[in-house]
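Each chain, written out:
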Amino acid sequence: GQPLFVPSSPAVVDRSRFSLEFLPESGSWDIADSRGSLLLLTKKRAPQSWRDYSRRVRHYPDLMVCEPLTGLYQGILWPEDLDGIGRLGVFLLDGDDADRRVSTSNFRVLAAVDDTVACVFSTGSEGGWRIIYSEITSHVELPKLGPENFVGRANGTLYWGIDGCATAVLALDETTAEFSIAALPETVWGPSHIRTSRIVGGEDGVLHVIRLIGNELKVFAQWHPGSDEDEWLLEIQLMLPEATLGLPGRKEHFFRQQAMIVAANTRYVLLTPSEKSWLFSVELDTMRIERKHERNRYAGEAYPCKLPWPPALADHGRERR
């Protein structure tokens, strides 16, 4: 349905000001990513091929970057060279001008097309789309990947799981927009990853892998990557059937099947048993399990959206020109 805005701390701005009704065709956008005070949106599609869709809406924006509190937005057309081709995901990055904060006039969009092609959109007079081909992955035969293979983002790199591969993931560098194959120990990763594995960042560049093995939650951390002291440590090990006993709404028949990861970030992982949508979160620093937080009411990915600086509020009641 429509995006929901949930305060992560006591609200300083009424959440109604985060409405996206100021956008053209406001009900036809999905959130794809966020950066600072901006959201990256993609056009919702009916079940049809990309080629049919692109022919029908060639002159309408396929992507939108907006700032909810100010009501500013910019539409972006998909590159004509890539008409009719799907994509693995689109992501919002800081702009080319490092001296200015990310804004609707200073941002980049990174689009992963397939395992060898990415493209970057930049704002500004010399901006637009650039297409980048990756030499490394062009020589590697991979199974077909889709958006559902995306397993996380950490320390400037995006990751996709490879079906049937227990020791490697597809990686996309946000700075160079080039793909590579990242190796992982078999004890840390696994051949099955959809809804059971996530990769997130941490302090000081630490890489975390979150995995569900049966109904056991494990969190591994990679310390000193790329050095002689590179090692993976098991930081969290939690049996979910036992750890959730006593939580409100907990049923005896839960966890007879494998649980699922709904969302994950550097602070917590959101999970549910397969038998019913019964959301609970595990704090990664304290291992605290709870159901009362408002974020546990919504089964979907969460995207952080900060207040703009300097503070500014739009009057969405005024007609845009």
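What this report covers is the structure whose coordinates are included nearby. Predicted model, so just to flag it, every value in this text is computed and none were measured.

For the rest of this paragraph, the subject is the overall build of the chain. Along its length, the chain carries 3 helices and 20 strands. Across the 321 residues in the chain, those meeting the buried criterion constitute 46%. Counting only contacts in the chain whose residues sit at least 6 apart along the sequence, the fraction spanning at least 24 positions is 48%.

Read across the open sheet, the 8 strands follow the order 12-11-10-9-13-14-15-16; overall the sheet is mixed. Looking at the sheet topology across the chains shown, the edges are occupied by strand 12 (179-183) and strand 16 (231-239). Averaged over all neighbouring strand pairs, the angle between strand axes comes to 25°, with direction disregarded. One ladder, built from 4 bridges, connects strand 9 (residues 150-154) with strand 10 (residues 157-161); its direction is antiparallel. Opposite Gly152, over in strand 10, you have Tyr159 as the bridge partner.

Let's shift gears to the packing of aromatic side chains. What characterises a pair of aromatic rings is the spacing of the ring centres plus the angle enclosed by the ring planes. Enumeration according to the criterion identifies 12 aromatic pairs in this entry. Note on Phe22 and Tyr73: the rings are 6.3 Å apart at their centroids and 35° apart in plane angle, and the pair reads as tilted. Of this pair, Phe22 sits in the segment before strand 1 (29-35) while Tyr73 sits in strand 4 (residues 72-76); the two residues are 51 residues apart in sequence, bridging distant segments of the chain. By relative accessible area, which is 13% here, Phe22 ends up buried. Chaining the aromatic ring pairs together yields one cluster made of Trp78, Phe107, Phe121 and Trp129. One cation-aromatic arrangement involves Lys43 over Trp29; the distance from NZ or CZ to the ring centre is 4.6 Å. Over the face of the ring belonging to Trp78 we find Arg87, whose NZ or CZ atom lies 4.6 Å from the ring centre.

What follows concerns the sheet that holds strand 18 (residues 268-272). Taken in spatial order, the 4 strands line up as 17-18-19-20 in an open sheet, and their pairing is antiparallel. Taken across any chain shown, the strands that pair with only one partner, and hence form the sheet edges, are strand 17 (260-264) and strand 20 (289-290). In the sheet, strand 17 pairs with strand 18 via 4 bridges, with the strands oriented antiparallel. Considered in strand 18, the bridge of Ala264 is made with Val269.

Take the pairing of strand 12 next. The pairing of strand 11 (residues 168-173) with strand 12 spans 5 bridges and is classified as antiparallel. Looking across to strand 12, one finds that Ala171 is bridged to Ser180. The loop that links strand 11 with its antiparallel partner strand 12 comprises 5 residues; one of these, Ala177, has a positive phi angle of about 60°.

Counting residues in each nonpolar core, the largest one holds 21 residues, and the members touching the most others are Ile210, Leu217, Leu240, Val269, Leu271, Phe280 and Val282. Going through the elements one at a time, strand 14 (207-213), strand 15 (216-223), strand 16, strand 17, strand 18 and strand 19 (280-283) are the ones with two or more residues in this core. Not counting residues up to four positions away in its chain, the partners in contact with Ile210 are Thr196, Ser197, Arg198, Val200, Leu217, Lys218, Val219, Ile261, Ala264, Val269 and Leu284. If you look at the next biggest cluster of nonpolar residues, it comprises 18 residues, including Leu63, Phe107, Val117 and Cys119.

If a strand is regular, its side chains alternate between the two faces of the sheet. Counting buried residues in strand 15 gives 7 out of 8 residues, a clear majority hidden from the surface. Of the strand pairs in this sheet, strand 14 and strand 15 are connected by 7 bridges, and their pairing is antiparallel. Across the sheet, Arg211 pairs through a bridge with Lys218, a residue of strand 15. Here 8 bridges tie strand 15 to strand 16, and the two strands are oriented antiparallel to one another. Each bridged residue has a counterpart across the sheet, and for Val219 the counterpart in strand 16 is Ile236.

A pair can form between side chains of opposite charge whenever their charged atoms are brought close. Throughout the structure, instances matching the rule amount to 10 salt bridges. In this structure, Asp30 and Lys44 form a salt bridge, with 4.0 Å as the shortest nitrogen-oxygen distance. With Asp30 in strand 1 and Lys44 in the loop between strand 2 (38-43) and helix 1 (50-56), this residue pair connects regions lying 14 residues apart in the sequence. Judged by its relative accessible area of 34%, Asp30 is partly exposed. On the basis of relative accessible area, Lys44 is assigned to the partly exposed category, the value being 29%. Linked through salt bridges whose partners overlap, the residues forming this network are Asp33, Arg153 and Glu174.

On to unusual backbone geometry. A positive phi angle is found at Ala177, which is not glycine, with a value near 60°. With respect to the helices and strands, the residue Ala177 is situated in the loop between strand 11 and strand 12. On the basis of relative accessibility, which here comes to 2%, the residue Ala177 falls in the buried class. Backbone geometry at Met287 places phi at a positive 65°, although glycine is not the residue there. The topology assignment puts Met287 in the loop between strand 19 and strand 20.

Rules used throughout
Residues numbered from 1 in each chain as written. Predicted model: local features only at pLDDT ≥ 70, side-chain atom pairs only at ≥ 80, totals over all residues. Heavy atoms only, no water. Helix = DSSP H or I, 4+ residues; strand = E, 2+ residues; numbered from the N terminus. Buried < 20%, exposed > 50% of the residue type's maximum accessible area, 1.4 Å probe, protein only. Contact = heavy atoms within 4.5 Å. Pairing = 2+ DSSP bridges. Axes fitted to C-alpha atoms, helices over the stretch in contact; angles between N-to-C directions. Phe/Tyr/Trp six-rings, centres within 6.5 Å; stacked < 30°, edge-to-face > 60°. Lys NZ or Arg CZ within 6 Å of the ring centre and 35° of its normal. Core = buried A, V, L, I, M, F, W, Y, C linked by side-chain atoms within 4.5 Å. Salt bridge = Lys/Arg side-chain N within 4 Å of Asp/Glu carboxyl O.

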